[in-house]
Amino acid sequence: MNAVVETIAAPAAEPAPGTRNAAVAAHARLHHIDALRAIAALLVLWLHVAESYRNLSPQTAASMWVYDSAWSINVGRLGVALFFAISGFVIPFSIRPQAPAPVRDFLLRRAFRIFPLYWLSIPLGIVACHLIWGGRFTFADLLFNLFLLQYAFDHPPAIGLYWTLVVELLFYLACAGLLLVHSIDRYGRIALIAGALIGLHFLSVVLQGMGRFTTFPYLISLWFFHLGIMFWGSLFRAWWEGRLEQPFARAAMWILLGGMTIAYPLYCAFMVHFPFNYYMPYALAIAVFAIGTTLVRITWRPLVWVGEISYSVYLLHPVVFTSLLWALQRTAPDSWWRTRHLGLYVLVTAASTLLLAGWTYRRVELPAIRAGRRLSQRWFGAGVRVAPHVI
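Position numbers for residues count from 1 along each chain, tracking the sequence in the order it is written. The predicted nature of this model means local features are confined to residues of pLDDT at least 70 and side-chain atom pairs, given and counted, to a pLDDT of 80 or more, with totals for whole chains, interfaces and linings taken over all residues. Excluding hydrogens and water, the side-chain values take into account all heavy atoms of the structure.

Asks: Hey, could you run me through the overall build of the protein chain in this one?
Replies: By the criteria applied, helices consist of DSSP H or I runs no shorter than four residues and strands consist of E runs no shorter than two, each listed in order from the N terminus. Along its length, the protein chain carries 15 helices and two strands. Values of the radius of gyration come from C-alpha atoms, whereas the globule rule sets the reference at 2.2 Å times the count of residues to the power 0.38. On C-alpha atoms alone, the protein chain measures out to a radius of gyration of 21 Å, which is about the 21 Å that the 2.2 N^0.38 rule sets for 391 residues. Its C-alpha atoms put the protein chain at 65 × 55 × 50 Å along the principal axes. Out of the 391 residues in the protein chain, the part that is buried amounts to 53%. By the convention used here, residues are in contact when the closest approach between their heavy atoms is within 4.5 Å. Sequence separation of 24 or more characterises 79% of the internal contacts of the protein chain that already satisfy a separation of 6 or more. For the area figures, the Shrake-Rupley method with a 1.4 Å probe applies, and any residue is considered shielded solely by the protein chains shown. Summing over all exposed atoms, the protein chain offers an accessible surface of approximately 17,600 Å²; the carbon and sulfur share of this is 69%. On the protein chain, the mean spot of the 29 positive side-chain charges and the mean spot of the 15 negative ones are 6 Å from each other. Each residue gets one of three labels from its accessible area relative to the maximum for its type: buried under 20%, exposed over 50%, partly exposed in between, using a 1.4 Å probe on protein chains only. Asp and Glu count as negative and Lys and Arg as positive, but His and the ends of the chain are not part of the count. Here the site of a charge means NZ on Lys, CZ on Arg, CG on Asp, or CD on Glu.

Written as structure tokens, this is what we have:
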């Protein structure tokens, strides 16, 4: 059985460029990355459930600290930012440049990875998050959701967290574009992209501090920041594997790491006076990611398993907790079911979500992944086997 925590000591000598961790990464699933995925998904679940259930009854409100502790640092945003860093660490390295049609191969496999479960979540979300609460969801809303265009055309999402999938897809398209211009492993260019995207968000923060709130709105700048975190994650992976040979790219990776974890929170706290839970989730997410991929690699099997099914956990937990909340609100105000500790509702929702996610991972995600690989091999040639950690 894997060790629960693997503490990595500094190597005695620097391996040759391109070899450090590369052999492991090419042939084995990165269990510590799955553990980080699990942490990210569970943090998002914690905040969403605690936020929704905190006023279920006066007895439940007495344990408000479960929500307050989650909201104080916004663990939901921390989890999302951690997911983005992981995507940057993984996705570009799942691309097969040697394939006869690498761009189409990449986009096809990513589509089969993302959309089948997403499409399943839409009707579940429509029922659990809209219809049972008396809300409306039109046929036009459904169509725009099917193509993930609801935000572009001002239609409601079936489930509120779909915006993160839009960020993911934008990153996939950016990776495809880099592949087209033969720059997917040109880390100097990737460093420029990461720096520009993160810098645009920093510019927005500076403008907020100057009172210029509408020049470059903070919320819009977050889209650039999230994409920048993903590209930075790619730089970090290249460094982790010993591929980041260009001094400029290496320096940019470390400068951006320091900027996001130290300079950014300090400036937000003392110059702009942002609320703590606006900026600290990002600094903590980057720190957790950097430490969790290098110094302390968690490989506890139960957590790794949750990481393997984390896409289902993330996408379907709103279906579980909103359905359960709807049922609880139809019980007597002083019933046993409605007067429990807030932490119990978080745990019950987590357990129920894991049961559902385990089933959808086996019955929806894995078959779709295999179908995408088979189609890719049939249409674009056998190519090179993709390591299992990239799915």
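So much for the structure itself; the text now carries on.
Asks: Which parts of the structure should I look at to understand unusual backbone geometry?
Replies: Negative phi values dominate among residues other than glycine, just as trans dominates among peptide bonds. Residues other than glycine seldom take positive phi values, yet N74 does so here, at roughly 50°. If you trace the backbone, N74 turns up in the loop between α4 (65-72) and α5 (75-90). Judged by relative accessible area, N74 falls into the buried class, the value being 11%. The phi torsion at H273 lies on the positive side, around 60°, for a residue other than glycine.

Asks: Honestly, the packing of α5 against helix α12 (residues 276-294) in this entry has me stumped. Any pointers?
Replies: When two helices pack together, their arrangement is captured by the angle between the axes and the distance separating the axes. Between N-to-C directions, angles cover 0 to 180 degrees, with each direction set by a line fitted to C-alpha atoms, over the stretch in contact for helices. Direction vectors running N to C along α5 and α12 enclose 45°, while the axes themselves pass 8 Å from each other. The angle between α5 and α12 places the two elements in the oblique class. Pair α5 / α12 crosses with right-handed handedness. Each of R77, L78, A81, L82, A85, I86 and F89 in α5 lies in contact with α12, whose residues at this interface are P281, Y282, L284, A285, V288, F289 and T293. Residue type decides the class: Asp, Glu, Lys and Arg count as charged, Ala, Val, Leu, Ile, Met, Phe, Trp, Tyr, Cys and Pro as nonpolar, and the leftover types, Gly among them, as polar. Grouping the constituent residues of the contact of α5 with α12 by class yields twelve nonpolar, one polar and one charged. The scheme is simple: roughly parallel for angles under 35 degrees, roughly antiparallel for over 145, roughly perpendicular for 65 to 115, oblique for anything else. We call a crossing left-handed when the near helix sits turned anticlockwise from the far one by less than a right angle, and right-handed when that turn is clockwise.

Asks: Would you explain the packing of aromatic side chains in this entry?
Replies: To describe a pair of aromatic rings, one takes the distance between the centres and the angle between the planes. Think of it this way: a Phe, Tyr or Trp ring, Trp meaning its six-membered ring, pairs with another when their centres are within 6.5 Å, and the plane angle makes it stacked under 30 degrees, edge-to-face over 60, tilted otherwise. By the definition in use, this model includes 28 aromatic pairs. Ring plane angle 35° and centroid distance 5.2 Å describe the contact between F115 and W119, whose orientation is recorded as tilted. Taken as a pair, F115 and W119 lie in helix α6 (residues 102-129) at a separation of four residues, close to a single helical turn. We classify F115 as buried; its relative accessible area is 15%. Exposure remark for W119: the relative accessible area of 41% places this residue in the partly exposed category. Connected via pairs of aromatic rings, a cluster forms that spans F89, W232, F236, W239, W240, W254 and F289. Of note, R54 hangs over the ring of Y67, and the distance from its end group to the ring centre comes to 4.5 Å. As a reminder, the over-ring test applies to NZ of lysine and CZ of arginine, requiring each to be within 6 Å of the ring centre and within 35 degrees of the ring normal. Sitting over the face of the ring of F93, R237 holds its NZ or CZ atom 4.5 Å from the ring centroid.

Asks: Just checking my understanding: could you explain the packing of helix α2 (residues 31-53) against helix α15 (residues 342-380) for this structure?
Replies: Running from N to C, α2 and α15 point in directions that differ by 130°, and their axes come no closer than 9 Å. Compared by their axis directions, α2 and α15 come out oblique. In this structure, the crossing between α2 and α15 has a hand that is right-handed. Where α2 abuts α15, its residues L45, W46, V49, A50 and Y53 lie against L342, Y345, V346, T349, A350 and T353. Classifying every residue of the contact of α2 with α15 by side-chain character gives nine nonpolar, two polar and no charged.

Asks: Sorry, what's going on with a nonpolar patch on the surface here?
Replies: Residues L107, L170, L173 and W223 make up a contiguous nonpolar surface patch of roughly 340 Å² in combined accessible area. Relative to the assigned elements, L107 resides in helix α6. Here, patches come from residues exposed beyond 30% relative accessible area and free of salt bridges, joined within 9 Å for like charges and within 5 Å for nonpolar side chains (Val, Leu, Ile, Met, Phe, Trp, Tyr). We count a salt bridge whenever a side-chain nitrogen from Lys or Arg sits within 4 Å of a carboxyl oxygen from Asp or Glu.

Asks: What's the story with the nonpolar core in this structure? I'm lost.
Replies: As a rule of thumb, nonpolar side chains are buried together in soluble globular proteins. Only buried residues count toward a nonpolar core, which is a set of Ala, Val, Leu, Ile, Met, Phe, Trp, Tyr and Cys residues joined through side-chain atoms within 4.5 Å. By size, the foremost hydrophobic cluster in this structure holds 120 residues, and its most contacted members are Y53, Y118, Y162, W232 and F289. Setting aside residues no more than four positions away along its own chain, Y162 makes contact with Y118, S121, I122, N145, L148, Q150, Y151, P157 and L315.

Asks: It is not clear to me how the pattern of salt bridges should be interpreted in this structure. Could you clarify?
Replies: Side chains carrying opposite charge are able to pair once their charged atoms draw close together. Counted under the stated rule, the structure contains seven salt bridges. Here R96 and D105 are joined by a salt bridge, their closest N and O atoms 2.4 Å apart. Under the relative-accessibility criterion, R96 is labelled buried at 6%. Between E241 and R243 there is a salt bridge whose closest N-O contact spans 2.8 Å. We classify E241 as buried; its relative accessible area is 2%. Here R243 falls in the partly exposed class, since its relative accessible area comes to 36%.

Asks: Explain the environment of F216 here, please?
Replies: You can see F216 is positioned in the loop between α9 (187-209) and α10 (218-240). Note: C-alpha distance between F216 and V205 (eleven residues apart in sequence) is 8.9 Å. When neighbours within four sequence positions are excluded, F216 is seen to be in contact with L200, S204, L207, Q208, S221 and F224.

Asks: Help me understand the environment of L142, please; the structure alone is not making it clear to me.
Replies: Residue placement: L142 occurs in helix α7 (residues 139-146). Residue classification places L142 among the partly exposed positions, given a relative accessible area of 25%. In the structure, L142 is positioned 20 residues away from I122 in sequence and 7.9 Å away in space, judged by C-alpha atoms. With near-sequence residues (within four places) excluded, L142 lies in contact with I122, I126 and F137.

Read these as spatial facts, not as claims about activity.
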